[in-house]
Amino acid sequence: MYNQLTMKMPDGEVCVKNFEKMPNLKIGVTGRKGIGKSTALRKVLAQIPQKLVGFITRPIEEGNTLKGFEIVDLFDGASHPIAYFDEENSIHPVLEGFETVGVAALLHALKYGGVILMDELGFLENDATNFKNMVFKVLESDKLVFCVIKAERNDFLEAVSKKVDRIFAIDKENRDEIPDIIWRFICSTKTL
């Protein structure tokens, strides 16, 4: 049985694709902090009829104060802190979060997912060896993968960038158009 993916573009063009499984395609989104990387991907992912697996990171707040960040497994909702701010407002990684919930999220994604989200990849996981190895397994899989990549660069992010088929850089001028640009790329790909 085929699933149908339909996306109407702003110019009225309609992209319709039939598929038995999602394409083997890796898409990255990058841009400065707060520019709308995750928001743009949410708009793209809202058009995909399959359950999304992988992970997201979200802030840990106490009142109006940002205390840190946690990783959330989209498969089962498990979460664990991955970073905290100290009294001087310096951020410190919590490797256990990456190595437990992060690794489990990516194992779930490889086992159960056709569409995988990794939101986001950055510098906090620099010493989380098992987690980083799982990220590369996901990027080498036959799945449709979307990842948010921090704009800051390090060896890990450079290696991730080399594994994706295309990275879309979001800025103030193009952030409203990026979801459609990503869909045009997906619709024009021969692997569908």
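What this report covers is the structure whose coordinates are included nearby. (Residues numbered from 1 in each chain as written. Predicted model: local features only at pLDDT ≥ 70, side-chain atom pairs only at ≥ 80, totals over all residues. Heavy atoms only, no water.)

Here the focus is the nonpolar core. Formed by 29 residues in total, the largest nonpolar core has its most connected members in Met118, Leu121, Phe131 and Val135. Sequence-distant contacts of Leu121, that is, excluding residues within four places in its chain, are made with Phe55, Phe131, Val135, Cys147, Val148, Ile149, Lys150, Phe156, Leu157 and Val160. (Core = buried A, V, L, I, M, F, W, Y, C linked by side-chain atoms within 4.5 Å. Buried < 20%, exposed > 50% of the residue type's maximum accessible area, 1.4 Å probe, protein only. Contact = heavy atoms within 4.5 Å.)

A few words on helix H5 (residues 178–188). Most of H5 is tucked away, with eight of its eleven residues classed as buried. Within the sequence span of H5, burial applies to Ile178, Pro179, Asp180, Ile182, Trp183, Phe185, Ile186 and Cys187. (Helix = DSSP H or I, 4+ residues; strand = E, 2+ residues; numbered from the N terminus.)

Okay, the sheet that holds strand E5 (residues 65–73) next. Taken together, eight strands build an open sheet; the order of strands is E7-E6-E5-E4-E8-E9-E3-E10 and the sheet is mixed. Both edges of this open sheet fall to strand E7 (91–93) and strand E10 (166–169), since each of them pairs with a single strand only. Averaged over all pairs of adjacent strands, the angle between their axes in this sheet comes to 25°, without regard to strand direction. Here seven bridges tie strand E3 (residues 25–31) to strand E9 (residues 144–150), and the two strands are oriented parallel to one another. Paired with Gly28 across the two strands is Cys147, which belongs to E9. Across the sheet, helix H4 (residues 155–163) touches E3, strand E8 (115–121), E9 and E10, and the angle it forms with E9 is around 145°. (Pairing = 2+ DSSP bridges. Axes fitted to C-alpha atoms, helices over the stretch in contact; angles between N-to-C directions.)

Moving on to the side chain of Ser161. Here Ser161 lies in helix H4. Beyond its immediate chain neighbours, meaning those up to four positions away, Ser161 contacts Ile149, Arg153 and Ile167.

Moving on, we get to the pattern of salt bridges. Counted by the stated rule, this structure contains four salt bridges. Residues Lys150 and Glu120 are paired through a salt bridge, measuring 3.3 Å at the closest nitrogen-oxygen approach. Here the residue Lys150 occupies a position in strand E9, and Glu120 occupies one in strand E8, the gap between them amounting to 30 residues. (Salt bridge = Lys/Arg side-chain N within 4 Å of Asp/Glu carboxyl O.)

What follows concerns unusual backbone geometry. Residue Asp119 is joined to Glu120 through a cis peptide bond whose omega torsion reads 20°. If you check the backbone angles, Asn89 has positive phi at about 70° while not being a glycine. As for its position among the elements, Asn89 is in the loop between strand E6 (79–85) and E7. Residue classification places Asn89 among the exposed residues on the basis of a relative accessible area of 55%.

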